[in-house]
Amino acid sequence: NNMVKIKFIGWQIGMRPIPFIKLLNKKAGLSLVKSKEIKDKIVDEGQTIEISIRDEKIAHEIIFESQKNGVICKLIEE
């Protein structure tokens, strides 16, 4: 499996920050602190963030769940 990147582009009204943070922690293997930093950068600072994921299947799960939680994101294949 190739490394894939997920690009977090923004968020929508009704975005659910806690489930998103927990998702990054559980599925992406990021610490809760790092996960919250990413959420803060996307929501509070309007930044675009990329993270690398080792497994494409997991990346697709993260994207699906993120979108359900109101986060705008997409897959970038290396």
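A short tour of the structure in this document, coming up. Per chain, the residues get numbers from 1 upward, laid out in the order the sequence is written. This being a predicted model, a pLDDT of at least 70 is required before a residue's local features are given, and a value of 80 or more before pairs of side-chain atoms are given or counted; all residues contribute to the totals for chains, interfaces and linings. To obtain the side-chain values, all non-hydrogen atoms of the structure were included, while hydrogens and water were left out.

Topic: the nonpolar core
So, point 1. Nine residue types can take part in a nonpolar core, namely buried Ala, Val, Leu, Ile, Met, Phe, Trp, Tyr and Cys, and a core is a set of them joined through side-chain atoms within 4.5 Å. With a 1.4 Å probe rolled over the protein chains alone, any residue whose accessible area is under 20% of its type maximum counts as buried; one over 50% counts as exposed, and the rest are partly exposed. If you look at the biggest cluster of nonpolar residues, it comprises 17 residues, and the most contacted ones within it are Ile6, Phe8, Phe20, Leu24, Ile51, Ile53 and Ile62.
So, point 2. Looking at this core, the elements that each hand over two or more residues are strand E1 (4-11), helix H1 (17-27), helix H2 (32-43), strand E2 (49-53), helix H3 (56-68) and strand E3 (71-77).
So, point 3. Non-local contacts of Ile53, meaning those with residues more than four positions away in its chain, are made with Asn2, Met3, Val4, Ile6, Ala28, Ile58, Ala59 and Ile62. Per the convention used, a helix needs a DSSP run of H or I reaching at least four residues, while a strand needs a run of E reaching at least two, with both numbered from the N terminus. Here a residue-residue contact requires only that any non-hydrogen atoms of the pair lie within 4.5 Å.

Topic: the packing of aromatic side chains
So, point 1. Centres within 6.5 Å are what make two rings of Phe, Tyr or Trp a pair, Trp counting through its six-membered ring; a difference in plane orientation under 30 degrees is then read as stacked, over 60 as edge-to-face, and the rest as tilted. Tallied over the entire structure, the rule returns one aromatic pair.
So, point 2. Here the aromatic rings of Phe8 and Phe20 are separated by 5.4 Å at their centres, their planes lie at 75 degrees, and the arrangement is edge-to-face. Within this pair, whereas Phe8 is found in strand E1, its partner Phe20 is found in helix H1, the two being separated by 12 residues in sequence.

Some remarks on the packing of H1 against H2
So, point 1. Inter-axis angles, ranging from 0 to 180 degrees, are taken between N-to-C directions of lines fitted to C-alpha atoms, where helices are fitted over the stretch in contact. The interhelical angle for the contact between H1 and H2, taken along N-to-C directions, is 130 degrees, at an axis separation of 8 Å. With respect to their mutual orientation, H1 and H2 come out oblique. Viewed along their axes, H1 and H2 form a crossing whose handedness is right-handed. Side by side, H1 and H2 meet where Pro17, Phe20, Ile21, Leu24 and Asn25 of the first sit next to Leu32, Ser35, Lys36, Ile38, Lys39 and Ile42 of the second.
So, point 2. The nonpolar class holds Ala, Val, Leu, Ile, Met, Phe, Trp, Tyr, Cys and Pro. Asp, Glu, Lys and Arg form the charged class, and all remaining residues, Gly among them, are polar. Grouping the amino acids of the contact of H1 with H2 by side-chain chemistry returns seven nonpolar, two polar and two charged. Small angles under 35 degrees read as roughly parallel and large ones over 145 as roughly antiparallel, with 65 to 115 read as roughly perpendicular and the rest as oblique. Should the near helix be turned anticlockwise from the far one by less than a right angle, the crossing is left-handed, and should it be turned clockwise, the crossing is right-handed.

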